[in-house]
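Here are the chains, one letter per residue:
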Amino acid sequence: MNFNYRKITVKVGSNVLTKSDGTLNVARIAHLVDQIAYLHKKGVEVILVSSGAVAAGRSELKIQRKLDTVSSRQLWSAVGQVKLINRYADFFREHGIVCAQVLTTKDNFADRDHYLNMKNCFTTLLENKVVPIVNENDTISVTELMFTDNDELSGLIASMQNSEALIILSNIEGIYDGDPSLPGSKIIEEIGTKEKDWMKNISMQKSGFGRGGMLTKSSIARKVAKEGIAVHIASGLRDNVLIDILRKDGQLKHTVFKPEIRKASNVKKWIAYSHSFAKGELVINQGAKEALFSPKATSLLLIGVTEVKGLFQSGDIVKIMDERGKLVGWGKAQFSSEKALQELGSKNQKPIVHYDYLYLIED
Ligand SMILES: Nc1ncnc2c1ncn2[C@@H]1O[C@H](COP(=O)(O)OP(=O)(O)O)[C@@H](O)[C@H]1O
Ligand SMILES: N[C@@H](CCC(=O)OP(=O)(O)O)C(=O)O
C-alpha cells in the first residue's frame, strides 16, 4: 500500500479514549494501537500525543472531600496516566513493539537548549524504533504556564520533529461550516492557510472531557500548516481512520489544512512556539508594523521601536506590540533592554530582532 506520509504526529483527544461514564475505552485504545502498529511495521514513523489521563483518573477514584481545580487535576492525572500508559504498553507489546512515555511541561521548551534536548529525546526514541507516547505532565504543571491543551503540544512536537503531517483525532469528523449539531452543516474538506472565513463558524462549545475545544485545534492547525506541515482533523471514533487518512487512494471525508509549500526553518519553528517565555516587550510604530508585514523579509530596527518594556538580555525572547497594545509577533532580541533603551529610535542598522528569529501573527 502507498502512503501519503512516512513521518506523522497523531494527537488523540480525551473523548476518543473515554466512554461517556468516564472510564477508559479499552477497545478504542486497542484499535488505535493496531493501526499505529500496522503503520510502524510499514516503516511510518509515528509519535502519539495522547490525552485521557485526567478522565481515566477521575473514574478510578472516589474523592473524600471536594478538591480545588488544581488539586483534582494533579490527583486524577497522576492516577490516570498510569492506567493509560499501561494499556498502551500492553497493546503495543502484543504487536512486538516497544512504546515509551514522555511526560512534559511547557518549561521543557523554554529556551533553545531545552528545546533541542526534547528534540534529541524524540529522535533517539524513533531511531530505536520505539513509539513515543506523549502527554502534558498535568501533575506538576503550573496552571499559568500550561499548554492550552494537547493540541498545542502536538503542534509543537510535529513542528520540532519535522513531521510531514499532524493528525488530530477528535470526537467529530472535522470542522463544520456551521453548528455541527444542525442538519444543514457540512464538513469543510480543505482549508488553505490564507483563508479565514471558516473561523467564524467555530463555537466555544467543546466535548465532555476536552480542554481546548475546536477553536484551539483550528488556530494550531493553521499555524502548523503555515510551517509546511499538513494537518488533518478527523474522527477518532471511526474504524481505521489513521490508515484511511494515510492511504494514497483514501476517500475519508474530513478536514485537511493544506500546508504551505515553503517550509519554515528549524529556528523559525522554535521561535513560533516560544512566546510564553518572553522576557520583555517592544512597542513599534505603524511604519515598522507595515514594514514587518510587507511581503519582503524585514528585520525589526530600533528606529521603529517607540518603547522598551521589561528587562531582557541579548538572546531572550521579546514580544512585539503595536501602538494599540495588540500583540503582533515575537522574536529573539539581539541587544539587552538596557542597550535598546540607550539607542531607542536611533538609526543603528543592526536589527533588534532579525528576520530569521522573528515570528509574526497574521490575522
Ligand atoms: N465548527 C465546528 N466544527 C466542529 N466541531 C466544533 C465546531 N465548533 C465547535 N466544535 C466542538 O469542538 C469539539 C471538539 O473539541 P474538543 O472538545 O477539544 O475535543 P478533543 O477532546 O478531541 O480535544 C466538538 O465535539 C464540537 O462540539
Ligand atoms: N493532559 C490532559 C489532556 C488535556 C487535553 O488537552 O485534552 P483534550 O482537549 O481532550 O485533548 C489529560 O491527559 O487528561
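Residues numbered from 1 in each chain as written. Chains lettered and ligands numbered in written order. Predicted model: local features only at pLDDT ≥ 70, side-chain atom pairs only at ≥ 80, totals over all residues. Heavy atoms only, no water.

Q: Hey, could you run me through the sheet that holds strand β12 (residues 327-333) in this one?
A: What links the strands of a sheet is backbone hydrogen bonding, and the strands pair in either a parallel or an antiparallel sense. Within the open sheet, the 5 strands sit side by side as β10-β9-β11-β12-β13. Their pairing is mixed. Edge positions in the sheet fall to β10 (305-310) and β13 (353-360), since each of these pairs with one other strand and no more. The mean inter-strand angle of the sheet, taken between neighbouring strand axes irrespective of direction, is 25 degrees. Note that strand β9 (residues 280-284) and strand β11 (residues 317-321) share 4 bridges and pair parallel. Each bridged residue has a counterpart across the sheet, and for leucine 282 the counterpart in β11 is isoleucine 320. Contacting β9, β12 and β13, helix α10 (residues 286-293) runs over the sheet at an angle of about 100 degrees to β9. (Pairing = 2+ DSSP bridges. Helix = DSSP H or I, 4+ residues; strand = E, 2+ residues; numbered from the N terminus. Axes fitted to C-alpha atoms, helices over the stretch in contact; angles between N-to-C directions. Contact = heavy atoms within 4.5 Å.)

Q: Before we go on, may I ask you to explain the domain arrangement of the chain in this structure?
A: Note: interface size is frequently given as the accessible area lost on complex formation between the parts. For the chain, the assigned domains are domain 1 (7-266) and domain 2 (278-360). Here the C-alpha centroids of domain 1 and domain 2 sit 34 Å apart. (Domains from an automatic or database assignment.)

Q: Which parts of the structure should I look at to understand a negative patch on the surface?
A: On the surface, Glu189, Glu190, Glu195 and Asp197 cluster together into a patch of negative charge. With respect to the helices and strands, the residue glutamate 190 is situated in strand β6 (residues 190-191). (Patch = residues over 30% accessible without salt bridge, like charges linked within 9 Å, V, L, I, M, F, W, Y side chains within 5 Å. Areas by Shrake-Rupley, 256 points an atom, 1.4 Å probe, with all protein chains shown as cover. Salt bridge = Lys/Arg side-chain N within 4 Å of Asp/Glu carboxyl O. Lys, Arg positive; Asp, Glu negative; His and termini not counted. Charge placed at Lys NZ, Arg CZ, Asp CG, Glu CD.)

Q: Where do I start with helix α7 (residues 214-226) in this structure?
A: One full turn of an α-helix is made of 3.6 residues, so residues set three or four places apart face in the same direction. For α7, with 13 residues, the first-to-last C-alpha span of 18 Å sits near the 18 Å given by 1.5 Å per residue. Counting buried positions along α7 gives 10 out of 13 residues, so the element sits mostly inside the fold. Here α7 has its buried residues at Met214, Thr216, Lys217, Ser218, Ile220, Ala221, Arg222, Lys223, Val224 and Ala225. Two residues or fewer past α7, glycine 228 is found with a positive phi of approximately 100 degrees. (Expected span 1.5 Å × (residues − 1). Buried < 20%, exposed > 50% of the residue type's maximum accessible area, 1.4 Å probe, protein only.)

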